[in-house]
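Notes for the structure review
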Amino acid sequence: MTDAPRAASTRRFTFSAGHRYWVERWSPEENERFFGRLTVPHGHNYTLDVTVRGPIDPETGMVFDLGELKRIVGETVVDRFDHADLNADALFRGRVPTTENLAIVVWELLAPKLGADRLAQVRVWEDPTLYVDYRGPDG
Ligand code: NI
């Protein structure tokens, strides 16, 4: 008997959120010098691509129940961040809400629910010209 073929499946989500870049222990002048206009509160329409991996179930033909994936990411990430101020979220206390840190935070929210062995990648698009990939602390 051979092992089931493995694959990776990606589902896309969107949400809109506001943020500003600001390092608390820096002076306002240092923040403005480094971040410039990004210190001013503004919004983005984010796109989130969540990739799960694993063996393809021989009965369902799926790597993961994609309806279940939609529900979990919706409840855990989209409901939390859509129309939210990222700087006000406890997960960004002491973390500048950059696209990099948003990808890490999304991973930290999803890994316990999907299983770190099933979650392959989180890709966060801040806009059509910028995205960040995160594949976990070991990736
Ligand atoms: Ni921004």
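Description of the structure in this document. (Residues numbered from 1 in each chain as written. Predicted model: local features only at pLDDT ≥ 70, side-chain atom pairs only at ≥ 80, totals over all residues. Heavy atoms only, no water.)

All right, on to the coordination of the nickel ion then. Angles between donor atoms at a metal ideally measure 109.5 degrees for a four-coordinate tetrahedral arrangement and either 90 or 180 degrees for a six-coordinate octahedral one. For the nickel ion, the protein coordination sphere consists of H19 (NE2), H42 (NE2) and H44 (NE2), at 2.0 Å. Spacing between the donor residues of the nickel ion along their common chain follows H-x22-H-x1-H. Of this pair, H19 sits in strand β1 (residues 6-19) while H42 sits in strand β2 (residues 42-55), and the two are 23 residues apart along the sequence. On the basis of relative accessible area, H19 is assigned to the buried category, the value being 2%. (Donors = N, O, S within 2.8 Å, 3.2 Å for Na, K, Ca; no water. Helix = DSSP H or I, 4+ residues; strand = E, 2+ residues; numbered from the N terminus. Buried < 20%, exposed > 50% of the residue type's maximum accessible area, 1.4 Å probe, protein only.)

With the rule as written, the count across this model stands at nine aromatic pairs. Between W26 and F35 the ring centres are 5.8 Å apart and the planes differ by 25 degrees, which places this aromatic pair in the stacked class. In this structure W26 comes out as partly exposed when scored by relative accessible area, which is 25%. Of the residues examined, F35 reaches a relative accessible area of 13% and is grouped as buried. Each ring, one from W125 and one from Y131, has its centre 4.4 Å from the other, and the planes form 50 degrees; the classification is tilted. Of the residues examined, Y131 reaches a relative accessible area of 38% and is grouped as partly exposed. One aromatic cluster is present, formed by F15, Y46, F81 and F92 through successive ring pairs. (Phe/Tyr/Trp six-rings, centres within 6.5 Å; stacked < 30°, edge-to-face > 60°.)

Function cannot be read off these values alone, since they describe shape.
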